[in-house]
Amino acid sequence: MPKPLKVKIFMDATARVIEEQINAWLNGLGSATIIKTETVVTAVAERPNEGTHPCIVVTVWYEPTSN
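Residues numbered from 1 in each chain as written. Predicted model: local features only at pLDDT ≥ 70, side-chain atom pairs only at ≥ 80, totals over all residues. Heavy atoms only, no water.

## Let's talk about the environment of Ile35
The residue Ile35 is located in strand 2 (residues 32-44) in this model. By relative accessible area, Ile35 is classed as partly exposed at 46%. With 26 residues separating them in the primary sequence, Ile35 and Ile9 have C-alpha atoms 14 Å apart. Beyond its immediate stretch of four places on either side in the chain, Ile35 contacts Leu5, Trp61, Tyr62 and Glu63. (Helix = DSSP H or I, 4+ residues; strand = E, 2+ residues; numbered from the N terminus. Buried < 20%, exposed > 50% of the residue type's maximum accessible area, 1.4 Å probe, protein only. Contact = heavy atoms within 4.5 Å.)

## A look at the pattern of salt bridges
The tally for this structure, following the rule as stated, stands at two salt bridges. Note that Glu50 and Arg47 form a salt bridge whose closest N and O atoms lie 3.0 Å from each other. For Glu50, a relative accessible area of 35% gives the class partly exposed. (Salt bridge = Lys/Arg side-chain N within 4 Å of Asp/Glu carboxyl O.)

## Notes on the sheet that holds strand 1 (residues 6-12)
For sheets, the rule is that strands pair by backbone hydrogen bonds, running either parallel or antiparallel. In space, the three strands of this open sheet follow the order 1-3-2, with antiparallel pairing throughout. If you trace the sheet from one side to the other, it starts and ends with strand 1 and strand 2, each paired once. Shown here is a sheet whose adjacent strand axes are inclined to one another by a mean of 15°, direction ignored. As judged from the 12 bridges shared by strand 2 and strand 3 (residues 53-64), these two strands associate in the antiparallel manner. (Pairing = 2+ DSSP bridges. Axes fitted to C-alpha atoms, helices over the stretch in contact; angles between N-to-C directions.)

## Some thoughts on the environment of Lys6
The residue Lys6 is located in strand 1 in this model. Take Lys6: its relative accessible area is 44%, and that puts it in the partly exposed class. Sequence separation of Lys6 and Val60 is 54 residues, and the distance between their C-alpha atoms is 8.2 Å. Residues contacting Lys6, with those up to four places away along its chain left out, are Val60, Trp61, Tyr62 and Pro64.

Set out below in structure tokens:
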């Protein structure tokens, strides 16, 4: 029976921060098989009645390697 995929989501307004988050996550993960990644740029508001700002969302579907 195949193992279910795991999902990790990263979100920030700058690509540099996303890159740092992903690199730190990969360093701590050990090994895994990345199945799919998806990147979306959207506008979000932190609070109701506030203006929106751009936000980058990176979703990674992966399967941890068995030890």
